[in-house]
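# Residue-level structural notes
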Amino acid sequence: MMLAKRVLITGAAGGLGHALAGSLAASGYHLVVTDRPGTLETASFPAGTEFIDADLCNAEDIGRLATRLGDQEKPIDLLINNAGIGIPGSVTDVSADLLARHVMINLTAPMQLSQAAAQAMTKRRDGQIFSIVSLAGIFPLKDSAAYTASKFGLRGFMAALSLELAPYGVRVGGLYPSAIDTDMLRAEMAHPDGSPLNFAGSAEPLSTAATAEAVMQALTRGTLETQLPRSEGLMAGLVMSFPTLLRPVFSYLERQGNKKKKTYLASLDGGKAN
């Protein structure tokens, strides 16, 4: 009898993480879920789910997750780096601690966990590592410089990792979504510096269900990068190929996105205008 494969998902208590857990469990995966202490209890998971409370800014917690990823008796076949932080604010205003938290949660932790997973998977010559990145890993967001930097870094790390692990049969990939309708987006939009580019080009934010389905398809295909929507990813890549276009294109997208941002905020406020 073939044993079910195991997936470790970070940020599993959040909107997208929970949706991914449901989709992966439905496809036959045994779940190993992790999130900040006290958060996993608020979400429902299938019977038999393995829970690991962990703060991705805590070195000891990262070490415990790395140890779990290296367990060859109960191997993790798929690592999904889903946890993330995005708190807007000008570089001149945010604290040094907040800058560091963005890098730790969005970049350093995924790197360290991917390293632990890679060390175990290369020995088995099988496995998959997948990260939820962001279109901000391709196109910068004003007033979210730390978030942008962490996502640009994660994109580069995943690309290099794919080259290293390909000879061992370990697949590496990432999803680059536009705005996803989660608590994180709502908190960002409630902030005065919340980026209107979350709404530029998209009629409305992506649902967690649709995003989870896109991840499932990307996992099956095994592609390195999947932009969602693809049209926005192509546009972002094109603009960044010609840096002189960045400021005028950003200004245009900012004006476009501000209109849809107001509509989104009004919908959260019961339809009342902001």
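Residues numbered from 1 in each chain as written. Predicted model: local features only at pLDDT ≥ 70, side-chain atom pairs only at ≥ 80, totals over all residues. Heavy atoms only, no water.

### Concerning empty space enclosed by the protein
- Overall, the coordinates contain two cavities of 30 Å³ or more when judged by the stated rule.
- Considering only enclosed or pocket space, the largest cavity measures out at about 60 Å³ in volume.
- In terms of lining, the largest cavity is formed by 13 residues, of which the most central are Ile87, Gly89, Val94, Leu99 and Ala146.
- Only helix H3 (96–124) and helix H4 (145–165) provide two or more residues apiece to the lining of the largest cavity.
- In terms of residue class, the lining of the largest cavity is made up of nine nonpolar, three polar and one charged.
- Lining the second largest cavity we find Thr10, Leu56, Asn81, Ala83, Ile105, Ala109, Pro110 and Leu113.
- At four residues, H3 tops the list of elements feeding residues into the lining of the second largest cavity. (1 Å grid on protein atoms, 1.4 Å probe; cavity = no way out; pocket = protein on both sides within 12 Å on 5 of 7 lines; lining within 4 Å. Points joined across faces, edges and corners; volume = space filled by probe spheres on them. Helix = DSSP H or I, 4+ residues; strand = E, 2+ residues; numbered from the N terminus. Nonpolar A, V, L, I, M, F, W, Y, C, P; charged D, E, K, R; others polar.)

### A short note on the side chain of His102
- Among the secondary structure elements, His102 is positioned in helix H3.
- Using a relative accessible area of 2% as the deciding quantity, one classes His102 as buried.
- Looking at His102, its side chain comes within polar contact range of the main-chain nitrogen of Ile87, at 3.0 Å. (Buried < 20%, exposed > 50% of the residue type's maximum accessible area, 1.4 Å probe, protein only. Polar contact = N/O pair within 3.5 Å; in protein donor to acceptor, adjacent residues only side chain to side chain.)

### Side note on the pattern of salt bridges
- One pass over the full model with this rule turns up four salt bridges.
- Of the charged contacts, one joins Arg68 and Glu50 as a salt bridge, the two residues approaching to 2.8 Å between their closest N and O atoms. Of this pair, Arg68 sits in helix H2 (residues 59–69) while Glu50 sits in strand S3 (residues 50–53); the two residues are 18 residues apart in sequence, bridging distant segments of the chain.
- Residue Arg68 is classed as buried on the basis of its relative accessible area of 8%.
- The closest approach of N and O atoms between Arg64 and Asp61, which form a salt bridge, is 3.2 Å. In this pair, Arg64 and Asp61 both sit in helix H2, three residues apart, roughly one turn of the helix.
- A residue is classified by how much of its surface remains accessible, and Arg64, at 41% relative accessible area, is partly exposed.
- Residue Asp61 is classed as buried on the basis of its relative accessible area of 13%. (Salt bridge = Lys/Arg side-chain N within 4 Å of Asp/Glu carboxyl O.)

### Overview of the packing of aromatic side chains
- In the structure shown here, the tally under the stated rule is one aromatic pair.
- The residue whose ring lies beneath Arg155 is Tyr176, and the NZ or CZ to ring-centre distance is 5.9 Å. (Phe/Tyr/Trp six-rings, centres within 6.5 Å; stacked < 30°, edge-to-face > 60°. Lys NZ or Arg CZ within 6 Å of the ring centre and 35° of its normal.)

### Quick word on the packing of helix H1 (residues 15–26) against helix H6 (residues 208–221)
- Interaxial distance between H1 and H6 falls to 9 Å at its minimum, and their mutual angle equals 55°. Taken together, the axes of H1 and H6 are oblique relative to one another. Judged by the sense of rotation from one axis to the other, the crossing of H1 with H6 is right-handed. Here Gly15, Leu16, Ala19, Leu20, Ser23 and Leu24 of H1 come into contact with H6, specifically with Thr208, Thr211, Ala212, Val215, Met216 and Leu219. (Axes fitted to C-alpha atoms, helices over the stretch in contact; angles between N-to-C directions. Parallel < 35°, antiparallel > 145°, perpendicular 65-115°, else oblique. Left-handed = near helix turned anticlockwise from the far one by under 90°. Contact = heavy atoms within 4.5 Å.)

### So, the pairing of strand S5 (residues 127–132)
- Among the six residues that make up S5, six are buried, leaving the element largely enclosed by the rest of the structure.
- One crossover worth recording links strand S4 (residues 78–81) to the parallel S5 by way of H3, and it is right-handed.
- In terms of strand pairing, S5 meets strand S6 (residues 170–177) through six bridges, oriented parallel. Within the sheet, the bridge partner assigned to Gly127 lies in S6 and is Val170.
- The handedness of the S5 to S6 crossover, carried by H4, is right-handed. (Right-handed = clockwise from strand over helix to strand, strands pointing away. Pairing = 2+ DSSP bridges.)

### Considerations on the pairing of S6
- Judged by how many residues are buried, S6 sits mostly within the fold: seven of eight residues are covered.
- Here four bridges tie S6 to strand S7 (residues 225–228), and the two strands are oriented parallel to one another. Within S7, the position partnered with Gly174 by the bridge is Glu225.

### Re unusual backbone geometry
- In the segment running from Leu228 into Pro229, the intervening peptide bond is cis, with an omega of -5°.
- Relative to the elements of secondary structure, Pro229 occurs in the loop between S7 and helix H7 (230–240).
- Of note in the backbone geometry, Arg125 takes a positive phi value of approximately 55° without being a glycine.
- With respect to the helices, strands and loops of the structure, Arg125 is situated in the loop between H3 and S5.
- Even without a glycine there, the phi angle at Asp143 is positive, about 65°.
- Positionally, Asp143 belongs in the loop between S5 and H4.
- A relative accessible area of 22% places Asp143 in the partly exposed class.

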